[in-house]
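Each chain is listed here by its residues.
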Amino acid sequence: MQIDYQIRVFTPEWLKKPYRVIRQVARKIFSVYLNDRNGRKYKRLILNRFPEFSSGDNTGVVIDLGANVCHFSHSCLMLGFEVIAVEPHPDAVNYIRKRFKKCPKFKVIAAGVGTSPDYQTLYLHEDHNKDPIQTSISASLVSDKFNTNSKRLRVKMIDIKSILEVHQEIAILKCDIEGAEYLIVQDILSHSTKIRRLLLETHSRFMKNSSSSEEYDIKINQLNEFINKNNLNNAWLTNWI
């Protein structure tokens, strides 16, 4: 991200387009290597938090909410888990399907995660057309996450309860949904007995100027209070990356 920022700020405008083209071509050529490298990076992050997984012969299911291009999912497959990835961005979903087309322990759900099975607006990064894959990680269901009038599209939603209810036990629930995590906190708490480990990335810095900032803080505080009250500090982690 720092490299991209430096390029945007210090690179002449006439050089930015060829740079993006070269980057996208290189990403395709070296995709296997880059995917493996990123999978191993997230594997190290997981093992730093949960060293009990180090044997690599783990069983059970991992649910990856906001999977993007599935580097986290890749790491969990490396560790032996079955993975269900949930991702609404169509370019990321196409990438995922090609990446794991021969993996029987992997399933992708092309949808956003929320509290009802409906359609909602997904707000895209302002540079979406320049590099859909690179910017897909920033797409959000929060309407005012971006300061500009961003591009948008309608995406199918899936009710978080319909995912959580079908599993007796969830080894890891990972949630990185770009500010919309506050909407599903209550459902996570309602299914807490089956969620062994939670890795939830909060986005307070993006939500400070949002019209939902007050509700966001209330829900995230509620989650943190639950974690502290139930001595889950080593198993349920927020801001884990």
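Because the structure is a prediction, the values reported are computed rather than measured.

(A) Spatial organisation of the pattern of salt bridges. In the structure shown here, the tally under the stated rule is five salt bridges. One salt bridge in this structure joins Asp36 and Arg40, with 3.0 Å as the shortest N-O distance. Taken as a pair, Asp36 and Arg40 lie in helix α3 (residues 31–49) at a separation of four residues, close to a single helical turn. Exposure remark for Asp36: the relative accessible area of 29% places this residue in the partly exposed category. Overall, the relative accessible area of 42% leaves Arg40 in the partly exposed class. When the shortest N-O distance is used, the salt bridge between Asp64 and Lys174 registers 2.8 Å. You can see Asp64 sitting in strand β1 (residues 61–65) and its partner Lys174 sitting in strand β7 (residues 172–175), a full 110 residues away along the chain.

(B) Highlighting the side chain of Ser192. Mapped onto the secondary structure, Ser192 falls in the loop between α8 (185–190) and β8 (198–200). Side-chain polar atoms of Ser192 contact the backbone oxygen of Leu189, separated by 3.1 Å. Each residue touching Ser192, except ones within four places of it in the same chain, is listed here: Phe226 and Trp236.

(C) Fine view of α3. With 19 residues, α3 should cover 27 Å at 1.5 Å per step; its first-to-last C-alpha distance of 27 Å lies within 8% of that length. For α3, every residue scored as buried is listed here: Asn35, Asn38, Gly39, Tyr42, Leu45 and Ile46. Projection of α3 onto a plane perpendicular to its axis shows the buried side chains occupying an angular sector of 120°, all on one side. Residues of α3 that are exposed and point over 90 degrees away from its buried face: Tyr33, Arg44 and Asn48. Looking at the buried positions of α3, the neighbouring elements they touch are α4 (71–78), α5 (90–99) and β7.

(D) Local environment of the nonpolar core. Counting 39 residues, the largest nonpolar core has Ile63, Leu65, Leu173, Ile188, Leu198, Leu223 and Trp236 as its most contacted members. Going through the elements one at a time, β1, β2 (82–86), β6 (152–159), α7 (160–164), β7, α8, β8 and α10 (213–229) are the ones with two or more residues in this core. Those residues in contact with Ile63 that sit more than four places away from it in its chain are Ile84, Ile163, Leu164, His167, Ile170, Ile172, Leu173 and Lys174. Of all hydrophobic cores here, the second largest spans 24 residues; its members include Phe50, Cys70, Val83 and Leu237.

(E) Summary view of the sheet that holds β1. Sheet architecture is open: six strands sit in the order β3-β2-β1-β7-β8-β9, paired in parallel fashion. The open sheet has two edge strands with one neighbour each: β3 (106–109) and β9 (236–238). Ignoring strand direction, the axes of neighbouring strands in this sheet form an average angle of 10°. Both β2 and β3 contribute to a ladder of four bridges, which runs parallel. What sits directly across from Ile84, in β3, is Lys107.

(F) Spotlight on the sheet that holds strand β4 (residues 112–114). Ordered by their spatial adjacency, three strands build an open sheet running β4-β6-β5, and the pairing between neighbours is mixed. Edge positions in the sheet fall to β4 and β5 (119–123), since each has one partner strand and no second. Across the sheet, the mean angle from the axis of one strand to that of its neighbour is 50°, orientation sign disregarded. Sheet topology places β5 next to β6; five bridges connect them, and they run antiparallel. Bridge pairing links Leu122 to Leu153 in β6.

Parameters at a glance
Residues numbered from 1 in each chain as written. Predicted model: local features only at pLDDT ≥ 70, side-chain atom pairs only at ≥ 80, totals over all residues. Heavy atoms only, no water. Salt bridge = Lys/Arg side-chain N within 4 Å of Asp/Glu carboxyl O. Helix = DSSP H or I, 4+ residues; strand = E, 2+ residues; numbered from the N terminus. Buried < 20%, exposed > 50% of the residue type's maximum accessible area, 1.4 Å probe, protein only. Polar contact = N/O pair within 3.5 Å; in protein donor to acceptor, adjacent residues only side chain to side chain. Contact = heavy atoms within 4.5 Å. Expected span 1.5 Å × (residues − 1). Arc of directions from axis to C-beta. Core = buried A, V, L, I, M, F, W, Y, C linked by side-chain atoms within 4.5 Å. Pairing = 2+ DSSP bridges. Axes fitted to C-alpha atoms, helices over the stretch in contact; angles between N-to-C directions.

Take it as geometry only, folks, not as evidence of what the structure does.
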